[in-house]
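The chain contents come next:
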Amino acid sequence: MSLPGRAKAPRPLRRQVGGSKARGIYLLGVAATLGLGCNRAPQGPVLGDPDPGTVYPVFEVRLHEGSLSRTVSLPYVAPVTAEPVLASFEFQFPDSVVGTAAYLAVSVDDRAEVTLNGAILGAVEDVGELELGVCYPSVPLRIALRCSAYAEPARLRGVWLIVRPGRVRQLRLLESELARFLELPFQRWEEWEWRPSSGPGAQWKRGGLGLTWSGSGEKRWFRTRLPWPSTVNGFLTNGDSLWLRLAVDDSATVFVDGRLVGAIRRQGGVPLGHRWEGEQEILVEVTNRRGRGSFEGAWIGSGRLAALRPQLDSLLRALYRYRLLLEQHPDPPSDWESAVSRALREIREALASEPRECSSLGAALGRAWPHLSRLEIALRQFPPFVCGPYLQNVGPHQIT
């Protein structure tokens with residue numbers, strides 16, 4: 001896709017809490033242009049500078065139709081159903097925001113695939129954000145979007161470039177790290193065989209994960225031999241109980257050494273029991289009810305690690321709320337950031353030990369939670385969506 005010459009950069013839109021009469025009129029004018037409005041004032045206290053980020057709304061994009069292109073205003077609705085919308089624009093951040101974290105926010109019906117300077121950046125469905133990275137001076141951003149809809153005409157409702165404090169980016173990285181911890185109880189198991197029927201002449205074939213087939217009521221059989229693993233994701237399994245977690249389409253029945261142990265639909269787990277000698281033979285019968293059948297994945301799960309997931313979930317929710325607060329209020333009490341750092345340090349130290357012990361991780365989570373729980377009372381004073389990332393109390397999904 002060819003890109004046009006750089007268009008004039010839109011003026012930044014500053015979020016405000018209060019402000020002068022003239023500034024309020026300016027915001028309302030932009031809100032009218034975007035089809036937005038502010039319907040209520042913040043309900044909690046605001047500490048320090050109430051302007052944590054700069055929003056650059058994109059009012060116009062270049063629409064590409066074959067070899068032709070033209071400028072259109074946003075929001076834009078495709079005239080033909082099932083036809084993708086190909087749009088692009090160029091932008092350059094001012095020197096005043098150099099070194100801060102930048103994000104691209106998109107509101108679309110139903111999906112937008114985004115490239116940045118010719119490289120794939122990611123995709124957004126409905127409403128979402130993609131990280132652009134750190135702002136650099138005099139570096140133009142060439143952004144292209146391919147918008148598509150499943151049934152109705154594709155609609156590009158709005159595009160914004162958002163600049164946020166650098167520590168917001170750090171918190172997002174920490175959230176991703178903590179989210180990966182949620183997968184600690186499950187270790188992927190790939191040693192499978194499969195066959196298309198249960199007849200005596202059917203031969204077992206190597207592989208099976210990711211296999212798909214069609215036909216209503218059609219079945220496939222999958223088999224593996226599993227010795228007791230000494231560890232699950234590095235954690236010792238002494239005194240543990242194991243599970244088999246499956247993802248299939250549509251349903252599966254599981255047998256261990258010829259004994260029925262459970263059945264699942266779509267996703268779920270069945271117990272394998274406590275420590276055993278030798279190998280267990282696991283047979284999985286997968287039935288396709290309609291459409292396409294599949295054997296998407298299999299994992300060995302630790303019961304002791306799974307019992308720690310509620311604590312990890314609580315930590316992740318607290319970290320998420322804290323990051324939302326920083327996006328809206330840039331100057332919270334200084335000890336909040338140190339509390340988050342101390343909590344994560346406890347978890348990292350437990351994971352760095354060799355060999356890993358479930359009891360050590362559980363104790364670390366117990367020490368980490370008091371650091372974040374002290375934020376809970378304070379966080380309740382700050383409604384998490386007081387200032388949306390685009391205008392006060394307004395998200396891109398409200399654009400019509």
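This is a predicted model, so every value here is computed, not measured.

Let us now look at the overall build of the chain. On a plain count of helices and strands, the chain comes out with six helices and 21 strands. When each of the 400 residues of the chain is scored for burial, the buried share is 46%. Restricting the contact set of the chain to residue pairs at least 6 apart, pairs at least 24 apart contribute 77%. Summed over all atoms, the accessible surface of the chain reaches about 19,500 Å², with 51% contributed by carbon and sulfur.

Next up on the list: the pairing of strand E7 (residues 101-116). Burial of E7 is extensive: 12 of the 16 residues sit out of reach of the surface. From the end of E7 to the start of strand E8 (residues 119-134), which pair antiparallel, there are two residues, and Asn-117 there has a positive phi angle of about 50 degrees. Pairing of E7 with strand E10 (residues 155-164) involves nine bridges; the strand directions are antiparallel. The residue bridging Ala-105 from the neighbouring strand is Trp-160, located in E10.

In this structure, Phe-89, Phe-93, Leu-104, Ile-143, Leu-145, Leu-156 and Leu-161 are the most contacted members of the largest nonpolar core, which totals 35 residues. Going through the elements one at a time, strand E2 (54-58), strand E3 (60-65), strand E6 (85-91), E7, E8, strand E9 (141-148) and E10 are the ones with two or more residues in this core. Ranked by residues supplied to this core, first place goes to E7 with seven residues. In contact with Phe-93, not counting residues within four places along its chain, are Tyr-56, Ala-102, Cys-135, Leu-141, Leu-161 and Val-163. If you look at the next biggest cluster of nonpolar residues, it comprises 28 residues, including Ala-318, Ala-343, Ala-364 and Ala-368.

This part covers the packing of aromatic side chains. Summed over the entire model, instances satisfying the criterion amount to seven aromatic pairs. Relative to Phe-295, the ring of Trp-192 has its centre 5.2 Å away and its plane inclined at 80 degrees; by these criteria the two rings are edge-to-face. Here Phe-295 lies in strand E21 (residues 292-302) and Trp-192 lies in the loop between strand E11 (186-188) and strand E12 (193-195), a separation of 103 residues in the sequence. Phe-295 carries the same exposure label as Trp-192, and that label is buried. Considering the side-chain rings of Trp-213 and Phe-222, the 6.2 Å spacing of their centres and the 35 degrees angle between planes classify their relative orientation as tilted. Each member of the pair Trp-213 and Phe-222 is classed as buried. The ring of Phe-186 is capped by Arg-245, whose NZ or CZ atom sits 4.4 Å from the centre of that ring. Sitting over the face of the ring of Trp-299, Arg-245 holds its NZ or CZ atom 4.9 Å from the ring centroid.

Before going further, it helps to spend a moment on the confidence of the model for the chain. In this model, the chain carries an average pLDDT of 75, and 76% of its residues clear a pLDDT of 70 or more. Low pLDDT, under 50, characterises residues 1-52; the predicted model gives this stretch 115 contacts beyond four residues in sequence or across chains.

With that settled, consider the environment of Trp-213. Here Trp-213 lies in strand E14 (residues 211-214). In this structure Trp-213 comes out as buried when scored by relative accessible area, which is 5%. Along the sequence, Trp-213 and Arg-292 sit 79 residues apart, while their C-alpha atoms lie 5.7 Å from each other. Among all residues touching Trp-213, those that are not within four sequence positions of it are Glu-218, Lys-219, Arg-220, Phe-222, Val-286, Asn-288, Gly-291, Arg-292, Gly-293, Ser-294 and Phe-295. A polar side-chain atom of Trp-213 sits 3.3 Å from the main-chain carbonyl oxygen of Glu-218.

A separate point is the side chain of Arg-223. Tracing the backbone shows Arg-223 in strand E15 (residues 219-227). Given a relative accessible area of 15%, Arg-223 falls into the buried group. Apart from residues lying up to four places away in sequence, Arg-223 is in contact with Glu-191, Trp-192, Glu-193, Trp-204, Glu-281, Ile-282 and Leu-283.

In this section: the pattern of salt bridges. When charged atoms on two side chains of opposite charge get close, those side chains can pair. The final tally for this structure, using the stated rule, is 17 salt bridges. Here Arg-155 makes a salt bridge to Asp-109, at a shortest N to O gap of 2.9 Å. Taken as a pair, Arg-155 in strand E10 and Asp-109 in strand E7 lie far apart in primary sequence, 46 residues in all. Judged by its relative accessible area of 23%, Arg-155 falls in the partly exposed class. Taking relative accessible area as the criterion, Asp-109 reaches 17% and is therefore assigned buried. Between Arg-245 and Glu-183 there is a salt bridge, and its shortest N-O distance comes to 3.5 Å. Remark: Glu-183 occurs in the loop between helix H2 (166-181) and E11 and Arg-245 occurs in strand E18 (residues 242-256); sequence separation between them is 62 residues. Accessibility expressed as a relative area gives 39% for Glu-183, which makes it partly exposed. Residues participating in the shared-partner salt-bridge network are Asp-109, Asp-126, Arg-155 and Arg-157.

A surface patch of nonpolar side chains, amounting to about 260 Å² of accessible area, comprises Val-134, Tyr-136 and Val-139. As for its position among the elements, Val-139 is in the loop between E8 and E9. Owing to a relative accessible area of 36%, Val-139 belongs among the partly exposed residues under this scheme.

Moving on, we come to the side chain of His-64. Along the chain, His-64 falls in strand E3. Among the residues examined, His-64 registers a relative accessible area of 11% and is labelled buried. A polar side-chain atom of His-64 sits 2.7 Å from a polar atom in the side chain of Ser-88.

Let us now look at the pairing of E18. Burial analysis of E18 places 11 of its 15 residues in the buried class, which makes it a mostly covered element. With 12 bridges joining them, E18 and strand E19 (residues 259-273) adopt antiparallel strand pairing. Across the sheet, Val-256 pairs through a bridge with Arg-259, a residue of E19. Here E18 folds back onto E19, and the loop between the two strands holds two residues, one of which, Asp-257, carries a positive phi near 50 degrees. As defined by bridge partners, E18 adjoins E21 across eight bridges and the pair is classed as antiparallel. Across the sheet, residue Ala-247 finds its bridge partner in E21, namely Gly-297. Note that E18 and strand E20 (residues 279-287) share six bridges and pair antiparallel. Across the sheet, the residue bridging to Phe-255 is Leu-283, located in E20.

Conventions we followed
Every chain is numbered independently, its residues counted from 1 as its sequence is written. With pLDDT at 70 or above as the cut-off, local features in this predicted model cover only qualifying residues; side-chain atom pairs require 80 or more to be listed or tallied, and sums for whole chains, interfaces and linings still use all residues. Heavy atoms from the whole structure form the basis of all side-chain values; hydrogens and water molecules are not counted. By definition, any uninterrupted DSSP run of H or I lasting at least four residues is a helix, any uninterrupted run of E lasting at least two residues is a strand, and each is numbered from the N terminus. Burial classes follow relative accessibility: with a 1.4 Å probe on protein chains only, a residue under 20% of its type's maximum area counts as buried, one over 50% as exposed, and anything between as partly exposed. Contacts are assigned to residue pairs that have any heavy atoms within 4.5 Å of one another. The accessible surface values rely on the Shrake-Rupley method and a 1.4 Å probe; as for residues, cover is taken only from the protein chains in view. Should DSSP find at least two bridges between two strands, the strands are taken to pair. Put simply, buried Ala, Val, Leu, Ile, Met, Phe, Trp, Tyr and Cys residues joined by side-chain atoms within 4.5 Å make one nonpolar core. In summary, the pairing rule links any two rings of Phe, Tyr or Trp, Trp by its six-membered ring, whose centres are within 6.5 Å, and it sorts them by plane angle into stacked for under 30 degrees, edge-to-face for over 60 and tilted for everything else. The criterion for a charge sitting over a ring is simple: Lys NZ or Arg CZ within 6 Å of the ring centre, and within 35 degrees of the ring normal. pLDDT expresses how confident the predictor is about each individual residue, on a scale running from 0 to 100. Contacts described as polar in this section are N or O atom pairs within 3.5 Å, which, within protein, must combine one atom able to donate a hydrogen with one able to accept it, while residues neighboring in sequence count only if both atoms come from side chains. Take a side-chain nitrogen of Lys or Arg and a carboxyl oxygen of Asp or Glu: if they are within 4 Å of each other, that pair is a salt bridge. Like-charged residues within 9 Å of one another, or nonpolar side chains (Val, Leu, Ile, Met, Phe, Trp, Tyr) within 5 Å, are grouped into patches, provided each residue has over 30% relative accessible area and no salt bridge.

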